Protein chains: 4
Amino acid sequence: MPRLAIHRLAMAHPGDLSELETLLRDGTVRAGEIRAVIGKTEGNGGLNDFTRGYFTQSLMLLLASQTGESPAALAARIPCVLSGGTEGALSPHYMVFAVEDAEATGQRGLALGTSFTNTTPARDIGRDAQITDVMEATRSAMGRAGISRTEDVVLVQVKAPAPAAPDPAARSQDAKALMALSRAAAAIGVARALGEVPDGRATESALLSDLPLYSNRASISSGVEVTCNEVVVFGYADGWAEGIVAGVAPMADLLDLAGVQAAFAAAPGEVLGVIAKGEPDRSGAIRGQRHTMLGDTDLDAQRHLRGALGAIVAAVAGDGRVFVSGGAEHQGPPGGGLVCVFARKR
Amino acid sequence: MPRLAIHRLAMAHPGDLSELETLLRDGTVRAGEIRAVIGKTEGNGGLNDFTRGYFTQSLMLLLASQTGESPAALAARIPCVLSGGTEGALSPHYMVFAVEDAEATGQRGLALGTSFTNTTPARDIGRDAQITDVMEATRSAMGRAGISRTEDVVLVQVKAPAPAAPDPAARSQDAKALMALSRAAAAIGVARALGEVPDGRATESALLSDLPLYSNRASISSGVEVTCNEVVVFGYADGWAEGIVAGVAPMADLLDLAGVQAAFAAAPGEVLGVIAKGEPDRSGAIRGQRHTMLGDTDLDAQRHLRGALGAIVAAVAGDGRVFVSGGAEHQGPPGGGLVCVFARKR
Amino acid sequence: MPRLAIHRLAMAHPGDLSELETLLRDGTVRAGEIRAVIGKTEGNGGLNDFTRGYFTQSLMLLLASQTGESPAALAARIPCVLSGGTEGALSPHYMVFAVEDAEATGQRGLALGTSFTNTTPARDIGRDAQITDVMEATRSAMGRAGISRTEDVVLVQVKAPAPAAPDPAARSQDAKALMALSRAAAAIGVARALGEVPDGRATESALLSDLPLYSNRASISSGVEVTCNEVVVFGYADGWAEGIVAGVAPMADLLDLAGVQAAFAAAPGEVLGVIAKGEPDRSGAIRGQRHTMLGDTDLDAQRHLRGALGAIVAAVAGDGRVFVSGGAEHQGPPGGGLVCVFARKR
Amino acid sequence: MPRLAIHRLAMAHPGDLSELETLLRDGTVRAGEIRAVIGKTEGNGGLNDFTRGYFTQSLMLLLASQTGESPAALAARIPCVLSGGTEGALSPHYMVFAVEDAEATGQRGLALGTSFTNTTPARDIGRDAQITDVMEATRSAMGRAGISRTEDVVLVQVKAPAPAAPDPAARSQDAKALMALSRAAAAIGVARALGEVPDGRATESALLSDLPLYSNRASISSGVEVTCNEVVVFGYADGWAEGIVAGVAPMADLLDLAGVQAAFAAAPGEVLGVIAKGEPDRSGAIRGQRHTMLGDTDLDAQRHLRGALGAIVAAVAGDGRVFVSGGAEHQGPPGGGLVCVFARKR
């Protein structure tokens, strides 16, 4: 029966895959069993962050040398979701998710399924077409994982596309705004697949404006390095080996320590990985006190956010290897976000 | 009998003293009773952060308009300790410490005493002369506050000098290094006054090298805006009104959430102010995981640190108005720091 | 007869007015004769640059101590145009423009006139109301200077308002966009006053979109520190003493070295001050080669621009004391800008 | 006879080698003839700039696919000198230097020779051992190019090593200081090979202190990506085809426009490539006016420098494709630097 394995590995720099290389060499991981990679590189997390591309190229080269497939074929099959920026307490690392063939242990366990949408043209980004595609891909990934009920889904991680060049047909001519629209559309697509929002209201006109619509189980990043939506679903399913647990909890705002602690409580055991999303409160204040994240000419708002959110989650985890990503449009409550913890059950 | 009052006030920008102006106008605060101001402005916290000077000029102008003294005379009497940098969850604010004349309430309460050393010439910064001066000023401030035992001291906040221009006689020709030496000397001076370190070992040769020597109750900042060491001591003393409590706890490292919680537990009640010090671990790792604070060309290590430490402390406080300052040489354990909480006893 | 005097002074930090203090003390400058101050402080030039406010506060305090007027009254009378950001070769400095009473020397010379519009409410920023107001203030300032023909105007420097807080009635809810609209409206107002653009086309709908409309003699900055448009006009007029000359030339793009040289050739003599405006080419390329100013997460586009433009102008001047400001909407050709040189005729 | 060919190519991002791929495909360039690559990527140019590694990985992969050699073997043979940071007017690009086999055209032309030293252990960096090695490698590269006289050398470009991890035996424990020492040692090594400095004085004790010792023809960068000194020499030699010319000139300070113009005048024709080195004046002033490059907490001194120097050189070139690199220790006059121009003779 399939068994999910999670390996959390350090990197000395964004092109350093030596820890995975060691695991492949000693047989701990088989290249053909790798289904997704989620990691944090030490760039600035913005448009001109090339640490993501460097890591991806290095990863695919390594896997190609093992499987005989081309790097391009591997990239079209294995979602590689990277977030740049390891501000403050954060530590550069990546999580390798593999599905091994195990002897039966238990009846039901944490499952993983992936699905890629068709290519999303620039004109469809942030539109109903993308929402619908992500909704269907989420259902498809659930199906492949054998997750039958939406309430069994723990987290849907999506890497959504952004156009590499301006397109007059696009919903926005501002590259950063279009990336936000892409994240928003993917989040709403997930929310609809999971039944978290009403279909009639959760349409393209709601994106970035109807903020009370959100998913508590969607974590989305967007980037020019992909041209379609790459979807990874985690949830519980029959027929998967036991041993790995996962929990997720929303954060009401950036200082919601109890929310972070709830996510860890929901996945008791040895922590194998943590994913967190958040955003600077658009009102310019947190619990009534002014913050300065949104108007700093020298330090990007997302770098501010990751440094703060990352430190809080890392302090609870006791470990800086936390995947923290900004841009939490429709992902968790506005001004807040969510935390997902993977652990080996003790 | 004297009663310590703490007012925590917001600022819209570094020249905005309007909240204090209101308190002065309505009589809540009397200008003549203000003994110290400690605050965070929204600059970058570095050599070219002028928000500290702007705030100080604005503060002294306001107080001068009330007391009739000159701004220079006020600055020579009232310690004004500012730290630039409100990264992440932090909120620009300042704490006004006043000593009112109260009717007797209780036998013993939190006391405040201040003392200024003589001018420290550039050649004495980071030398035994500065250590001894700060040690004596700490004792003098304790005496003025009526704090008789070193164990009754909660926190010693010092603003230490840095030369405005290079001086061939100085211990270092590097402006940033000299600021660190000044903080280190002041911290060791406090540690000696409080009996936290052995006198024979805690001398100028130990500065920045014998890191196991530190004070758990010293919080030091340095800057070119002062030419002597300005010392503020907080502690318990007979003859002061009850009502305000303070607690302090060390942080073993940046992720020491329990340490932060211990400081809040030591000062139960309505929080009136929080002071925290910390530093990026010099080893380049926290609990074995690499951090990237020390090698980032774009984002200064202290900005990284304040964003992370500030968020953790703010998450425990549930409030972004936390005074967080980097440069914690000999202030708390190496790679860690300390947290001090002021509260109104409930 | 009136004689324009220009004093270019250095500052050690944004609160340092000591050089002007010396000139006031020794009688070189009389406080009552100061008509405008234009300077560069060493901040980041963005929303959170407080070096401008610090300098202005310090300047007005100094002048108030000399004239007996209040700082507020002085600020309402003397335009103080500051641009933050002294990247690269640039040097922090300020130019004091005074009008002295001189014995007659010549028939015609460089004249200065100032005019303030009424307060511009947030809803009028970037609208026809602001365009018209600046057009009329430009004419009024010309009249006060005695400049009778538009072709005699060399430069119109405007400090335009930005609202301190969001206003639902404003043309944009994005603070940076509104600052750009304010600069654009003021530039078009100047262009209309000088007859450089057709009135019917140069209306609010043209702002930031009809880029071929521009003034070659307008230099605009905007900021929350002013609530109206402060206009300073320089040009030649009868009845002013000889001795100072000024020249202006457009820059076709950022690399237009010949344009810079033309401005210096137009004002031969000992250089007393230089003002330059420019902007990162919106196409993302200069003469067909990609630039990276607009997509850098770590370094603001305007900091990129000032460092580059400032160095080119400083290299021609042989002196880093150049007032360089970004945000050149409708000020000089798109992607380019303009340079104005003041000199003492030899 | 050998003929030097220079191809200046644009990149859309640091992993984009498509322009070279096109030239290889259409036969304009043969992979086996490539001898050196010198380029500018759009990172921050500091310790955490990974755009250099990403480009190098991509380049070597491409060449490996053409030549059949391994990427590692290619990297050990072809110097790839990259400088991160395309501030302001600068444009990301790379210059491919190839040596073709041409039919005889002329008697004497611009020649290129390369040489690699043995691995330099950390303890030898910034020591006489490195100076001597670079001196000998420079002579060796001259020999391979057939350049017989030192006065025929135009430029020596060196990529010098920096240790990837701290080493107790190293001359400095500060990573940035050690990189500077490595550049300094390589520059003095070149200067000695070219007879520009006296051997007895130009030893390890002179590095970073005896600044009047310098080469006017050395351009050095250092980085952890190399473990030895990679030397590329350009100069005139018999037996090379005519057609390409090169000129070099020192810059006395950052504003030395005449120096830049002299370099272009020394290589008349269609510009094929430009290399410039410079540094922020350590005195804190340029021609007596204070600059702020060295004390900016938010913007690294080298980013300031490249933005300014790059713009001046690009303005003279009329083209942003200029290789500008900071860290000009002993490379050109202190506070200044040098400019080298390659052109196709018209």
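My aim in this report is to walk through the structure given alongside it, one point at a time. Bear in mind that the values here come from a model prediction, so they are computed numbers and not experimental data.

Some words on unusual backbone geometry
1) Next: Positive phi, close to 65 degrees, is recorded for L208(C), a residue that is not glycine.
2) Next: With respect to the element layout, L208(C) can be found in the loop between α5 (175–193) and β7 (218–223).
3) Next: Exposure remark for L208(C): the relative accessible area of 31% places this residue in the partly exposed category.
4) Next: At H330(D), a position not held by glycine, the phi torsion is positive, near 60 degrees.

Re the relation of the copies chain D and chain C
1) Next: Once chain D has been moved 0.0 Å along the axis and rotated by 180 degrees, it coincides with chain C to within an RMSD of 0.0 Å. A rotation of that kind, with that shift, is consistent with a two-fold axis.
2) Next: Same-surface contact between copies: 100% of interface residues of chain D are shared with the interface of chain C.

Observations regarding the packing of helix α6 (residues 257–265) of chain B against helix α7 (residues 301–317) of chain B
Axes are the key here: two packed helices are described by the angle between their axes and the distance separating the axes.
Residue and element names in this part refer to chain B.
1) Next: Packing of α6 against α7 brings their axes to within 10 Å, and their N-to-C directions diverge by 45 degrees. Here α7 runs oblique to α6, going by the angle between their axes. Of the two elements, α6 crosses α7, and the hand of that crossing is right-handed. Note on element contacts: α7 touches α6 through I312, V313, V316 and A317, opposite L257, V260, Q261 and F264.

Brief notes about the relation of the copies chain A and chain C
1) Next: Turning chain A through 180 degrees and shifting it by 0.0 Å along the axis lays it on chain C, with an RMSD of 0.0 Å.
2) Next: Interface residue correspondence from chain A to chain C reaches 100%, placing this contact among same-surface, isologous pairings.

Here we look at the pattern of salt bridges
1) Next: Scanning all chains against the criterion turns up 88 salt bridges over all chains.
2) Next: Ionic pairing is found between E87(D) and R306(D), a salt bridge with its closest N-O pair at 3.0 Å. Note that E87(D) is positioned in the loop between β3 (80–84) and β4 (93–101) and R306(D) in helix α7 (residues 301–317), a separation of 219 residues in sequence.
3) Next: For E87(D), a relative accessible area of 2% gives the class buried.
4) Next: What you see here is one network of salt bridges that share partners, running through E87(A), R303(A), R306(A), D296(B) and D298(C).

Concerning the interface of chain D and chain C
1) Next: If you look at the interface, chain D gives 38 residues, while chain C gives 38 residues.
2) Next: Contact between chain D and chain C buries roughly 2,700 Å² in total, counting both sides, with carbon and sulfur atoms accounting for 55%.
3) Next: Taken as a group, L255(D), Q289(D) and R290(D) account for 23% of the area that chain D buries against chain C, more than any other trio of residues on that side.
4) Next: Applying the counting criterion to the chain D and chain C interface returns four salt bridges.
5) Next: At the junction of chain D and chain C, the tally comes to 16 residue pairs in polar contact (both at pLDDT 80 or more).
6) Next: Looking at the side of chain D that touches chain C, the elements that each hand over two or more residues are α6 (257–265), β12 (289–290) and α7 of chain D.
7) Next: Looking at which element gives the most residues to the side of chain D that touches chain C, the answer is α7(D), with nine residues.
8) Next: In terms of residue class, the side of chain D that touches chain C is built from 17 nonpolar, twelve polar and nine charged.

Quick notes on the rules
Residues numbered from 1 in each chain as written. Chains lettered and ligands numbered in written order. Predicted model: local features only at pLDDT ≥ 70, side-chain atom pairs only at ≥ 80, totals over all residues. Heavy atoms only, no water. Helix = DSSP H or I, 4+ residues; strand = E, 2+ residues; numbered from the N terminus. Buried < 20%, exposed > 50% of the residue type's maximum accessible area, 1.4 Å probe, protein only. Least-squares fit on C-alpha atoms with pLDDT ≥ 70 in both. Contact = heavy atoms within 4.5 Å. Axes fitted to C-alpha atoms, helices over the stretch in contact; angles between N-to-C directions. Parallel < 35°, antiparallel > 145°, perpendicular 65-115°, else oblique. Left-handed = near helix turned anticlockwise from the far one by under 90°. Salt bridge = Lys/Arg side-chain N within 4 Å of Asp/Glu carboxyl O. Buried area = accessible area lost by both parts, 1.4 Å probe. Polar contact = N/O pair within 3.5 Å; in protein donor to acceptor, adjacent residues only side chain to side chain. Nonpolar A, V, L, I, M, F, W, Y, C, P; charged D, E, K, R; others polar.

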